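Notes for the structure review
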Amino acid sequence: MTTPFSPEELERYARHIVLPEIGGPGQQALKSARVLVVGAGGIGSPVALYLAAAGVGTLGIADDDTVSRSNLQRQILHGEADVGRAKLDSAVDRIAAINPHVQVEPHRLRLDVDNAAVVIEAYDLVIDGSDNFATRYAMADLCEAVRRPLVSAAVNRFSGSLTTLTPFESGPDGSLLPRYRDLFPEPPPEGLVPTCTEAGILGAVTGILGTLAAAEAVKLICGIGEPLIGRLLLVDTLAMRFEEIRYRRRRT
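Once that is clear, we can look at the side chain of Gln28. Structurally, the position occupied by Gln28 is in helix H3 (residues 23-32). Every residue in contact with Gln28, bar those within four places of it in the chain, is listed here: Thr2, Thr3, Pro4 and Phe5.

Grouped burial of nonpolar side chains is what soluble globular proteins tend to show. Formed by 41 residues in total, the largest nonpolar core has its most connected members in Val35, Leu51, Leu59, Ile61 and Ile95. It is helix H10 (residues 203-222) that contributes the most residues to this core, eight residues altogether. When neighbours within four sequence positions are excluded, Val35 is seen to be in contact with Leu51, Val56, Thr58, Leu59, Gly60, Tyr123, Leu125, Ile127 and Ile221. Among the nonpolar cores identified, the runner-up in size contains 22 residues, and Ile120, Val146, Tyr180 and Leu232 belong to it.

In this structure, strand S2 (residues 58-62) lies alongside strand S3 (residues 103-107), joined through five bridges in parallel fashion. Considered in S3, the bridge of Leu59 is made with Val104. Handedness of the crossover is the feature at issue here: the chain leaves S2, passes through helix H5 (residues 87-98), returns alongside S3, and the resulting connection is right-handed.

By the definition in use, this model includes three aromatic pairs. Look at Tyr137 and Tyr180: their rings are 5.1 Å apart centre to centre, the planes differ by 80 degrees, and that puts the pair in the edge-to-face class. Residue Tyr137 is located in helix H7 (residues 133-145), and its partner Tyr180 is located in helix H8 (residues 180-183); the two are separated by 43 residues in the primary sequence. Comparing Tyr137 with Tyr180, the two get one shared label, buried. Against the face of Tyr123 rests Arg34, its NZ or CZ located 4.7 Å from the ring centre. Against the face of Phe133 rests Arg136, its NZ or CZ located 4.9 Å from the ring centre.

Here is what the cut-offs are and how they apply
- Residues numbered from 1 in each chain as written.
- Predicted model: local features only at pLDDT ≥ 70, side-chain atom pairs only at ≥ 80, totals over all residues.
- Heavy atoms only, no water.
- Helix = DSSP H or I, 4+ residues; strand = E, 2+ residues; numbered from the N terminus.
- Contact = heavy atoms within 4.5 Å.
- Core = buried A, V, L, I, M, F, W, Y, C linked by side-chain atoms within 4.5 Å.
- Buried < 20%, exposed > 50% of the residue type's maximum accessible area, 1.4 Å probe, protein only.
- Pairing = 2+ DSSP bridges.
- Right-handed = clockwise from strand over helix to strand, strands pointing away.
- Phe/Tyr/Trp six-rings, centres within 6.5 Å; stacked < 30°, edge-to-face > 60°.
- Lys NZ or Arg CZ within 6 Å of the ring centre and 35° of its normal.

Okay, structure coming up:
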């Protein structure tokens, strides 16, 4: 059951409500939505900030890390005063300052194949902004198993990628939609792809990919537009080029 917007909420969300594609019903859908953000780092920061500003009613955030000074170049949920604090604590404070109508559910753990399913089931949608392949594959497999849409974003140096996964649903032709493993069958050998610590990362790249992921989430919640299902968006900021790769379910 939806609750009416207060006058303050109507003023806050006015620019959404006048969009015909969103309107009052879409804003109510956002208010009722429960979204899990995996990671409160470079990608998770703009995701959480924009979804909070958009009026998503409940944001779950899973992270077990603390803020270090080297994070501040890109992880905009946190500031200088947060160095040494748990990222979840600074995230909760920052989101409350942006929108007091948003409830934050902190999960102080690193999600993996053993603990994530029960957490994921409590949400309508998952956004993965993790920085390692083990978590990405675990989120993809578990979201498929519990039938939750997954927006998966990744970054590397000056570039990034984004896709949306609903492999438990069928496409217009009746065939099942693709999995993450249809796009990336196996994780690369350990050590082949350098981490951000080793290779560096342009801070704005995490902002671009995180903002795009937030836009995908709003579209999915409101049922508008064309999500990146079966499409991998590639972003190259050095060339300022956006490209798309289409992929489909592998035949077994």
